[in-house]
Structures are given as C-alpha cells and as structure tokens.
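As a plain string of letters, each chain reads:
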Amino acid sequence: RGGERRAARFAGDRRKRGFYQGVRPMLEARAVTAGTEDAQEVERLLEAAFPPYERPPFSFLTTQAQREEVSLLAYRDEGLFCGFAFMIEDARLAYVLFLAVGEGVRSKGYGARMLADIERRCPGKTIALDIEPVIEGAPNVVQRQRRRDFYLRNGFAPTGIANCFEGDVYEVLAKGPGFESDRFLALINELPEGEDKTLAPLEQAVPAYAERLLAAR
C-alpha cells in the first residue's frame, strides 16, 4: 500500500515533477471572449491588479480583442487560472498594455512564463511595454521597483523614452531586435484614445528619475 501511495503521489503532481526535472510545460493560452469563465476571471483580476486611473472597462478589452492585431489571452496551468495579457502588434512590434498574474499564484514564475509565451507568439518582433517610473515618495514605490526589476530580469531594457498620457508618465521598456519610437507611437495610436498619447525623452518627462538611473549605471 505504501508503494501504491508513493506512486500515486508521484504521478498525480506533474507540476512538481516538471519542476524537479527542470522542465516546465507551456501554459495554456486561451483567447478571451465575453460571457465565458475565462472572461470572468480576467475581469476580476483586471479590477484587482490595476488602479481605476489605469484600468479601462473590461468591455473595451473584449471589444478590441475582436480585431486581428489585438489579443486578450487568459493563461491557465493545468486548468488553474494564473493570469492574463492584453496586447496589440504590427509586423515588427508588439505592445503589451496589460500583464497580470493571479493574486493567489504570484511569485511562482507565472509572469516569466507568460512573457515567454508572448515572445513565442511574436517571433522576430520587438516587445514593448510601459511601467510607472520608480519615483521616490510615490505611494506604491516598492511595487513599482519590483515590477521594473521583474522586467529587467526577463530581458527587457530601458528605451530612454516616456509614454505620456493625460498628465501621467510611463517608462517604456523593450526587448528584441530594436525599439523604434515612431513605430511604437503609431501602434498605440491604433487604439481608441491613443491619439492623446505622446512620447518624450525620459530625461525631459521625469528629469530626477532619469538622473538617478544614469547615476546607478
């Protein structure tokens, strides 16, 4: 009986088995449509992970995802919901607007695996995203630093460009063959309200932050 129990435990925990062998199976990525269980999970996480001033209505995501160049993906690991991504792409660039890991499964490597899946879906393309700059005194400065460190660990690099929108400033990071600011601006203009966004050198948009980054090199 003891042998049977040990065999059952070994066979029943494929996640641990893959971890110890150094191999993690790819996450399942599902295109999200309104009215599905995936949609409910993504909507809950969208509201939990992003503040109101950064969060569009969930209907905006599902409506835009009907376009060929836009993707809204729910990620699952053997059925377990672990996060979602929302992005738009053209022939050479993919812009990830939202990437979030489920609240109960953070710090388990899912964010890196979701980024790896996005790279697999966009072979040869530069992948760009933007984050809140790590400004001292910001109420969520620790979270901002952790987020930036996470992307740097996963191969993203500063572009020196800021994405400016309605008084807010975001630092643009990128990974891939090369970042083209004109192409990036054209791509974000493809989304509703994108025409109100502008790009600026980081040292002009947030001088103190840019100086601190330069000093830390």
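Rules of the game
Residues numbered from 1 in each chain as written. Predicted model: local features only at pLDDT ≥ 70, side-chain atom pairs only at ≥ 80, totals over all residues. Heavy atoms only, no water. Helix = DSSP H or I, 4+ residues; strand = E, 2+ residues; numbered from the N terminus. Contact = heavy atoms within 4.5 Å. Phe/Tyr/Trp six-rings, centres within 6.5 Å; stacked < 30°, edge-to-face > 60°. Buried < 20%, exposed > 50% of the residue type's maximum accessible area, 1.4 Å probe, protein only. 1 Å grid on protein atoms, 1.4 Å probe; cavity = no way out; pocket = protein on both sides within 12 Å on 5 of 7 lines; lining within 4 Å. Points joined across faces, edges and corners; volume = space filled by probe spheres on them. Salt bridge = Lys/Arg side-chain N within 4 Å of Asp/Glu carboxyl O.

Enquirer: Looking at this structure, I do not really get the environment of Leu191. What am I missing?
Expert: Positionally, Leu191 belongs in the loop between helix H7 (181-188) and strand S8 (198-201). Note: C-alpha distance between Leu191 and Val70 (121 residues apart in sequence) is 9.5 Å. Residues contacting Leu191, with those up to four places away along its chain left out, are Gln64, Arg67, Val70, Ile88 and Leu97.

Enquirer: Got a minute to help me understand the packing of aromatic side chains in this structure?
Expert: For any pair of aromatic rings, geometry is given as the distance between the ring centres together with the angle between the planes. Applying the stated criterion to the full structure yields 7 aromatic pairs. Here the aromatic rings of Tyr151 and Phe156 are separated by 5.7 Å at their centres, their planes lie at 75 degrees, and the arrangement is edge-to-face. Grouping residues by exposure puts Tyr151 and Phe156 together as buried. Judged by centre distance (5.4 Å) and plane angle (55 degrees), the ring pair of Phe179 and Phe184 falls under tilted. According to the relative accessible area criterion, Phe179 is partly exposed, its value standing at 24%.

Enquirer: Is there a simple way to explain the layout of surface pockets in this structure?
Expert: One way to see where empty space is left: roll a probe the size of a water molecule over the atoms. As a volume, the largest pocket reaches approximately 1500 Å³. Lining the largest pocket are 46 residues, and of these Phe50, Glu54, Phe98, Leu99 and Arg147 sit closest to its centre. Where the lining of the largest pocket is concerned, the elements lending two or more residues are helix H3 (37-49), strand S4 (93-101), helix H5 (110-121), strand S5 (126-131), helix H6 (141-153), strand S6 (157-165) and strand S7 (168-175). Ranked by residues supplied to the lining of the largest pocket, first place goes to S4 with 7 residues.

Enquirer: In this structure, what is going on with the pattern of salt bridges? I would like to understand it.
Expert: Any two side chains of opposite charge can pair, on the condition that their charged atoms come close. Scanning the entire structure with this criterion turns up 18 salt bridges. The residue Glu119 makes a salt bridge to Lys175 at a minimum N-O spacing of 2.8 Å. One end of the pair, Glu119, is in helix H5; the other, Lys175, is in strand S7, with 56 residues separating them in the sequence. For Glu119, a relative accessible area of 29% puts it in the partly exposed group. For Arg144, the salt bridge identified is with Glu132, shortest N-O distance 3.3 Å. On the criterion of sequence distance, the pair formed by Arg144 in helix H6 and Glu132 in the loop between S5 and H6 is long-range, its members being 12 residues apart.

On their own, these measurements won't tell you what the molecule is for.
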